[in-house]
Amino acid sequence: MSSPHRASTTQQLADLSLTEGEHDEGKPLSIDYLQGHEGLIEEVLKWSEHEQLDFMDKIVHRLSHYQLGKVDNFIRPMLQRDFISNLPAHLVELILFNVNSDSLKSCEEVSTSWRCALARGQHWKKLIEKNVRSDSLWWGLSEKRQWDKFLNISRDMSVRRICEKFNYDVNIKRDKLDQLILMHVFYSKLYPKIIRDIHNIDNNWKRGNYKMTRINCQSENSKGVYCLQYDDDKIVSGLRDNTIKIWDRKDYSCSRILSGHTGSVLCLQYDNRVIISGSSDATVRVWDVETGECIKTLIHHCEAVLHLRFANGIMVTCSKDRSIAVWDMVSPRDITIRRVLVGHRAAVNVVDFDDRYIVSASGDRTIKVWSMDTLEFVRTLAGHRRGIACLQYRGRLVVSGSSDNTIRLWDIHSGVCLRVLEGHEELVRCIRFDEKRIVSGAYDGKIKVWDLQAALDPRALSSEICLCSLVQHTGRVFRLQFDDFQIVSSSHDDTILIWDFLDAPPSGLPSSTNRATLPELPNQAAVARAQMLFEMAARREIERRDREVVEEPALRPRANAARRHNADIAAAAAAAEAARGAGDNDESSSEEDLDRVDQVNNPNVAGPAPPQPHNQNHRRRQPRPELPVRLMFQQEMAAFDNMRRQQNNMDHLGGGDVDEEMPDGGP
């Protein structure tokens, strides 16, 4: 702990004078000095300011290092000014309005006058209001925690609401100073509570710590929730049983059922006036939000309507019939088609747009970009190895999910793929992103949260991008939406789940009903890599035995050879087992590696044969050593090979009901 009277750096340097120990600081003043210094001071003061400065300059240049340090200690306090106390109040308020929270805390510790200046300017209140205006997380938190009612109101109203909250008598706080002090204490205490909430939310997202709420849709005939959208009051969901169900957020009861579609409701979107839905019956229906009445039915597509988006008087729909329709929305009852966009070679699964581009993704493995002004084709984004099931477009970033189990990030202007995210084990069906994170759902039943900034950083490792994996659905995840505080997802298991990261258990561990970040089972890439390592070890053993035959003039004793052989086989088994155990964290297995393993296990598969050792000079080739370790993987690899062949033979994006879930895609 440093001393409160610690010497300045200038004084410490001055004390290092070469004349240390010879200073006469403690000696009494001489009689000549006492008799003459007053007259000298009076004489100097008679000079002009310029003459005084010239005299002081000559004196200072003749002082020692030690004396200069002492002079600095005399002068430094004289140059300090309390600008908060000396400046006009409006300038003080302007200065303090532009400082951050740490600076405000430091200002409070300076003096009573500084604390009064902060209270008089209501700077903690203004700092909170500024953050709420500029940051969506602060704005959302103000509504969730209900402290928004203390913001953007007058001083009298603030005092009244603070007194109501803490059961104070508002009549006692009539004096202006008492009111300012009350407000200052309240808002200065509120700020660290907000910061603590924000810190906890961020940690909960990273750790997969949440509070779970489950809605069982209880469909009678066909089970599955294909689409949803939510706000603070309701959740609107489209179901496989041909209905749209609206759920009340207060008690999660079903408040209304909209019936009219004759096929599964595959997509929907709503605003404060209408709900617009698309169905496998090839129609688009417009519903009144207040009454639930179907006010218009649009018939254009000849097959299932797979996705739709509308905003600012424009609606875009896409269909299994491989077309995209652009509509003009003058009113809920006046919707006319403007143009049909054709170019995809398979069903168009998803569309998104803004005032510059329309972006569409298809089972033909491509993303196409269209100009919103001219409705002409602009460019194609190609890179996915199988059909594309979902995407979102915002700014210049496009994020897509595919049946090849990967997520890709694209620059829409250049068409360059910025990053490929791997981790899902089946088709990536839904994906959303904001400024901080990407959230994806897949047919493996998992929802994964990814760090968007890390994904856009080429220096970031793949292991740093996926923050957590959430597992609660027992079926394929069809749709999700999220904000700063929660994820709302739907699934083939006929449930809607609300993952609450704001009110998660304070212990930092998931509640008893939660299963977040569960350990992954070994996937086919990990097992394939394990067998590949084993094959490499086996080939090295064969090559070593071949070299022994050629290079050694005499064979070693059989006992020594047997010991070496057993040691190598044990090492290969250990390496394969280690690879198998670490398979969940290995993300470097390439398609070439997997194809090579397939060729080893299936000699009939076309492709280059694995390299074999060859030596023209050897006289006698020993038979291949038996490989007992290979039996450990034989049955397991056969099962994975069958699954992989089945996946390669799939011609559509997802299994199940082809006409309802996902359309036929490219081979």
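Computed from a predicted model, the values in this text were never measured in an experiment.

Draft legend 1. Quick look at the overall build of the protein chain. Looking only at helices and strands, one finds 17 helices and 28 strands in the protein chain. Among the 667 residues that make up the protein chain, the fraction classed as buried is 45%. Surface accessibility of the protein chain: about 35,900 Å² in total, with carbon and sulfur atoms responsible for 51%.

Draft legend 2. Up close: the packing of helix H7 (residues 101-108) against helix H9 (residues 123-134). Packing of H7 against H9 brings their axes to within 11 Å, and their N-to-C directions diverge by 175°. Of the possible angle classes, the one that applies to H7 and H9 is roughly antiparallel. Listed contacts from H9 to Ser101, Leu104, Lys105 and Glu108 of H7 are His123, Trp124 and Leu127. A breakdown of the residues in the contact of H7 with H9 according to their chemical character gives three nonpolar, two polar and two charged.

Draft legend 3. Inspection of the packing of H9 against helix H10 (residues 136-144) at higher detail. In the contact formed by H9 and H10, the axes pass within 5 Å of each other and the chain directions differ by 110°. With respect to their mutual orientation, H9 and H10 come out roughly perpendicular. The chirality of how H9 crosses H10 is left-handed. Along its contact with H9, which presents Ile128, Asn131, Val132 and Ser134, the element H10 presents Ser136, Trp138, Trp139 and Ser142. Looking at the contact of H9 with H10 residue by residue, the class counts come to four nonpolar, four polar and no charged.

Draft legend 4. Spotlight on the packing of aromatic side chains. If you walk through the whole model with that rule in mind, you get 14 aromatic pairs. Measuring from ring centre to ring centre gives 5.0 Å for Tyr210 and Trp499, while their planes differ by 70°; the resulting arrangement is edge-to-face. Of this pair, Tyr210 sits in the loop between helix H12 (176-207) and strand E1 (211-216) while Trp499 is found in strand E28 (residues 495-500), placing the two residues 289 residues apart along the sequence. We classify Trp499 as buried; its relative accessible area is 0%. In this structure, Arg437 is placed above the aromatic ring of Trp205, and the distance from its NZ or CZ to the ring centre is 4.2 Å.

Draft legend 5. Expanded view of the environment of Asp411. Here Asp411 lies in strand E20 (residues 406-411). Of the residues examined, Asp411 reaches a relative accessible area of 11% and is grouped as buried. In the structure, Asp411 is positioned 18 residues away from Tyr393 in sequence and 10.0 Å away in space, judged by C-alpha atoms. Residues within four places of Asp411 in sequence aside, it is in contact with Arg396, Val416 and Leu418. Of the polar contacts made by the side chain of Asp411, one reaches the side chain of Arg396; its length is 2.7 Å.

Draft legend 6. Representation of the confidence of the model for the protein chain in the model. When pLDDT is averaged along the protein chain, the result is 79, and 72% of the positions lie at 70 or above. Low pLDDT (under 50) marks residues 575-633, which in the prediction has 85 contacts with non-local residues, meaning those over four places away or in another chain.

Draft legend 7. View of the UniProt feature "repeat: WD" (unreviewed entry) in the protein chain. UniProt feature "repeat: WD" (unreviewed entry): in the numbering of this structure it lies at residues 218-248, 258-297, 298-337, 341-380, 381-420, 421-453 and 470-500. For residues 298-337, the helix share is 0%, the strand share is 70%, and the end-to-end C-alpha distance is 10 Å.

Draft legend 8. Local environment of unusual backbone geometry. Residues other than glycine seldom take positive phi values, yet Arg365 does so here, at roughly 80°. The phi torsion at Leu375 lies on the positive side, around 60°, for a residue other than glycine. Here Leu375 is to be found in the loop between strand E16 (366-371) and strand E17 (377-382).

Draft legend 9. Quick look at the state of the cysteines. Taken as a whole and judged by the stated rule, the model has zero disulfides. Counting only cysteine sulfurs, Cys390 is the nearest neighbor of Cys430, a cysteine outside any disulfide, at a range of 6.4 Å. With relative accessibility at 3%, the residue Cys430 sits in the buried group. Counting only cysteine sulfurs, Cys466 is the nearest neighbor of Cys468, a cysteine outside any disulfide, at a range of 6.8 Å. Residue Cys468 is classed as buried on the basis of its relative accessible area of 3%.

Draft legend 10. Examining the nonpolar core more closely. In this structure, Ile128, Trp147, Tyr187, Leu470, Ile487 and Trp499 are the most contacted members of the largest nonpolar core, which totals 48 residues. Ranked by residue count, the leading element in this core is H12, at 10 residues. Shared between two domains, this core takes at least three residues from each, and those domains are domain 1 (89-207) and domain 2 (211-500). Among all residues touching Trp147, those that are not within four sequence positions of it are Ile128, Val132, Trp138, Leu141, Ser142, Leu190 and Ile194. Membership of the second largest hydrophobic core comes to 16 residues, among which are Val399, Ala454, Ala460 and Ile465.

Reading the values: rules and limits
- Residues numbered from 1 in each chain as written.
- Predicted model: local features only at pLDDT ≥ 70, side-chain atom pairs only at ≥ 80, totals over all residues.
- Heavy atoms only, no water.
- Helix = DSSP H or I, 4+ residues; strand = E, 2+ residues; numbered from the N terminus.
- Buried < 20%, exposed > 50% of the residue type's maximum accessible area, 1.4 Å probe, protein only.
- Areas by Shrake-Rupley, 256 points an atom, 1.4 Å probe, with all protein chains shown as cover.
- Axes fitted to C-alpha atoms, helices over the stretch in contact; angles between N-to-C directions.
- Parallel < 35°, antiparallel > 145°, perpendicular 65-115°, else oblique.
- Contact = heavy atoms within 4.5 Å.
- Nonpolar A, V, L, I, M, F, W, Y, C, P; charged D, E, K, R; others polar.
- Left-handed = near helix turned anticlockwise from the far one by under 90°.
- Phe/Tyr/Trp six-rings, centres within 6.5 Å; stacked < 30°, edge-to-face > 60°.
- Lys NZ or Arg CZ within 6 Å of the ring centre and 35° of its normal.
- Polar contact = N/O pair within 3.5 Å; in protein donor to acceptor, adjacent residues only side chain to side chain.
- pLDDT = per-residue confidence, 0-100.
- UniProt positions renumbered as here; feature names shortened; annotations may be inferred.
- Disulfide = S-S within 2.5 Å.
- Core = buried A, V, L, I, M, F, W, Y, C linked by side-chain atoms within 4.5 Å.
- Domains from an automatic or database assignment.

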